[in-house]
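Architecture at a glance
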Amino acid sequence: MTSYNAPVKDMQFLLHEVLKISASDIPGYADLDEGFTAAVLDEAGKVASEVLAPLNAVGDREGCVLENGVVRTPKGFDAAFKAMKEGGWTALDCDPDYGGQGLPYLVNTAVGEIFVSANMAFNMYQGLTHGAYSAIHTHGTAEQKAKYLPKMVSCDWTGTMNLTEPHCGTDLGLMRTKAEPQADGSYLITGQKIFISAGEHDLAENIIHLVLAKAPGGGEGTRGVSLFIVPKVLVNEDGSLGARNAVSCGKLEEKMGIHGNATCVMNYDGARGWLLGELHKGMKAMFTMMNEARLGVGLQGYAVAEAAYQNALAYAKDRLQGRAVTGAENPNGPADPLIVHPDIRRNLMEQKSFVEGARALTFWGASLIDAAHRKGDAAADGLVGLLTPVIKGFQTDKGFEMAVQAQQIWGGHGYIEEQGMSQFARDARIAMIYEGANGVQALDLVGRKLAQDGGKHVMAFFEMVKAECKAHEAEPRMAEYTSPLKAASKQMQAAGMFFMQNGMKNPNAALAGSYDFMHLMGHVCLGLMWTRIARAALTALDEGRGDAAFLRTKLATARFYMTRQLPACMLHLARIESGAEPVMALEAEAF
């Protein structure tokens, strides 16, 4: 049986020493003092370790069951969901006008990590609801907000997003689901959607589906797509529940992981729905939900890796195997613990440096979202848009890799289901696929985000890295962090220059290198984070604040990332500069 403890100390360090949130000019951040955030995170950690983590294996083992059109969630999920609602955890950063607590998105992000690490499949029920809430909050009418949001904030009603169809994945312009306008202003929605997470379940009295469909007059492709609110149970004028809508779960998918979350085939048979946002501009409204979801999935990538790492570390300290090559370190025992061996240390350091760096990047991204939404910072909005495919794609690729590495430390026992390590790998795998497969994230980054607004956002990122390095030129202790970061940034710029010089005349030359560029930029982002972490750790040590051992550990981990991980940028650049020919050389028949 695996266990989990929230890394509150590391989170507090990031919030208050690295991001310095209490001193930020973002509205609401001044109230986030160390005592307040510690209280929130400690309580979330208690819920995670005592309520959610014990259900992780239960959900994996039992899965969800479809009976007579109703999906039954695993044993204990209902009670846990009620506890989450009663604790106000579903409403942290939601609008107070609809029953929310109005806290910054950053707080919700930190708490969300804790809940994902403890039980990813369970947390998806409320996580998807938050995305649907955001879409309605941003694009809904006053009447729609009043009707749906209070119940969604409390999670008395949950929410979903319905995009994918059997013949239509990423290319949403191929969808066939239709919306027929009615005299009363509603629409009748007919079609089938697949892979709908939390599409049907027994945790809430209603489910508010947000469904992409084509209404008449919209034209071909995504330009003809609109977004509709389609409740599972129709809502009366007084807010009470009425008749069951013509929407049903036709099948539950049998999946590799996240068994505790119901992944449904949803059938819409003339279901009544209402337009959300503008007609034929559904993609704009859907992307409000998709962008939030992509950041949330990027968080899933490292959050599951965190839980796997904790269990791998405990096993490495406890399992006796062989002797240290430099002499016995457990002379009174039959063997030394695994952690004495250099390759085990290498494995653990790769996990630790990734997870802590990714946490810093995700928290920083959340603070950029708060800056964009709470004070209208257009530069922050542009920057987080650039970072979104990196946070989603790079962090979920590496998160799965780290979950596998954690499993590896357990050896054969990690391959045995009852130990629980295989679940981390199986659960982490989906994050590389849903909310836009990672290849699509890479194409979005290179094909769209780099050139967006004349390339000013990526140039701002380069200037940010340059300024970080320049700020520490007079501090010799920072050179071992800034020098590798500066070199990696130049390699990223060289990759961008290759795309500029070759992409127009041969688009394949850019797109063949897009995946490598996403990873190259991911490493630069984590290098920037570790530089900031090292700076904060040195400052705290110099001023005699905090736990000295913890701070020295941060410096050693930063040094490891810079020397052992950041050199991967050279490999990615070499691949990019090889162009399209090695990738496109074979005719389709030759494969």
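Residues numbered from 1 in each chain as written. Predicted model: local features only at pLDDT ≥ 70, side-chain atom pairs only at ≥ 80, totals over all residues. Heavy atoms only, no water.

**Considering the side chain of Lys449**
Basically, it comes down to this: A helix here means a DSSP run of H or I that spans at least four residues, while a strand means a run of E at least two residues long, and both kinds are numbered starting from the N terminus. Three labels apply to residues, based on accessible area from a 1.4 Å probe with only protein chains included: buried if under 20% of the type maximum, exposed if over 50%, partly exposed otherwise in between. Whether two residues are in contact is decided by their heavy atoms, any of which lying within 4.5 Å being enough.
Along the chain, Lys449 turns up in helix 11 (residues 438-449). According to the relative accessible area criterion, Lys449 is buried, its value standing at 7%. Setting aside residues no more than four positions away along its own chain, Lys449 makes contact with Gly385, Leu386, Pro389 and Asp444.

**Things to note about the packing of aromatic side chains**
This is how it is decided: Only rings of Phe, Tyr and Trp enter the pairing, Trp through its six-membered ring, and a pair is recorded when the two centres are within 6.5 Å. The plane angle decides the type: under 30 degrees is stacked, over 60 is edge-to-face, the rest tilted. In this scheme, the term charge over a ring applies when either NZ of a lysine or CZ of an arginine sits within 6 Å of the ring centre and within 35 degrees of the ring normal.
Enumeration according to the criterion identifies 10 aromatic pairs in this entry. Pairing Phe77 with Phe122 gives two aromatic rings, centres 5.3 Å apart and planes at 80°, and the pair type is edge-to-face. Placement of the pair is Phe77 in helix 3 (residues 77-86) and Phe122 in helix 5 (residues 120-139), with a sequence separation of 45 residues. Taking relative accessible area as the criterion, Phe77 reaches 1% and is therefore assigned buried. Connected via pairs of aromatic rings, a cluster forms that spans Phe77, Phe81 and Phe122. The ring of Phe400 carries the charged tip of Arg429 above its face, separated from the ring centre by 5.6 Å. The side chain of Arg532 reaches across the aromatic face of Trp364, ending 4.7 Å from its centre.

**Re the pairing of strand 5 (residues 187-197)**
Look at any regular strand and the pattern is simple: side chains alternate between the two faces of the sheet. To keep things clear, this is the line we draw: Strand pairing requires that DSSP identify at least two bridges connecting the strands.
Two elements, strand 4 (residues 178-181) and strand 5, share 4 bridges in a ladder whose sense is antiparallel. Bridge pairing in strand 5 places Lys178 opposite Thr190. Between the end of strand 4 and the start of strand 5, which pair antiparallel, lie 5 residues, with Gly185 showing a positive phi angle near 95°. Strand direction decides the pairing type here: strand 5 and strand 11 (residues 263-276), joined by 9 bridges, are antiparallel. Across the sheet, the residue bridging to Gly191 is Tyr268, located in strand 11.

**Regarding unusual backbone geometry**
Notably, Lys20 is not glycine yet its phi reads approximately 50°, a positive angle. With respect to the helices and strands, Lys20 occurs in the loop between helix 1 (8-18) and helix 2 (34-62). Of note, the phi angle at Phe195 is positive, near 60°, even though the residue is not glycine. Here Phe195 shows up in strand 5.

**Some thoughts on the side chain of Ser134**
Residue placement: Ser134 occurs in helix 5. When sequence neighbours within four positions are dropped, the list of residues in contact with Ser134 reads Thr288 and Glu292.

**Considerations on the nonpolar core**
Definition in use: What makes a nonpolar core is a set of buried Ala, Val, Leu, Ile, Met, Phe, Trp, Tyr and Cys residues whose side-chain atoms join them at distances within 4.5 Å.
Phe115, Phe461, Phe517 and Met521 are the most contacted members of the largest nonpolar core, which totals 186 residues. Not counting residues up to four positions away in its chain, the partners in contact with Phe517 are Leu445, Val446, Leu450, Met492, Ala495, Gly496, Phe499 and Ile576.

**Things to note about the environment of Asn506**
Considering the arrangement of structural elements, one finds Asn506 in the loop between helix 13 (479-502) and helix 14 (507-511). Residue classification places Asn506 among the partly exposed residues on the basis of a relative accessible area of 33%. It is 30 Å that separates the C-alpha atoms of Asn506 and Lys284, two residues lying 222 residues apart in sequence.

**Things to note about helix 6 (residues 142-153)**
Just so we agree on the cut-off: By this rule the span expected of a helix is its residue count minus one, scaled by 1.5 Å. The arc in question is the one traced by the directions running from the helix axis out to the C-beta atoms.
Here helix 6 contains 12 residues, and its C-alpha end-to-end distance of 16 Å stays within 8% of the 16 Å for a straight helix at 1.5 Å per residue. Considered for burial, the residues of helix 6 that qualify are Gln144, Lys145, Tyr148, Leu149, Met152 and Val153. Along the axis of helix 6, the buried residues cluster in a sector spanning 125°; they form a single face. Away from the buried face of helix 6 by more than 90 degrees, exposed residues Glu143 and Ala146 are located. Those residues of helix 6 that are buried are in contact with helix 5, strand 3 (157-162), strand 6 (206-214), strand 7 (225-231), strand 8 (233-235) and strand 11.

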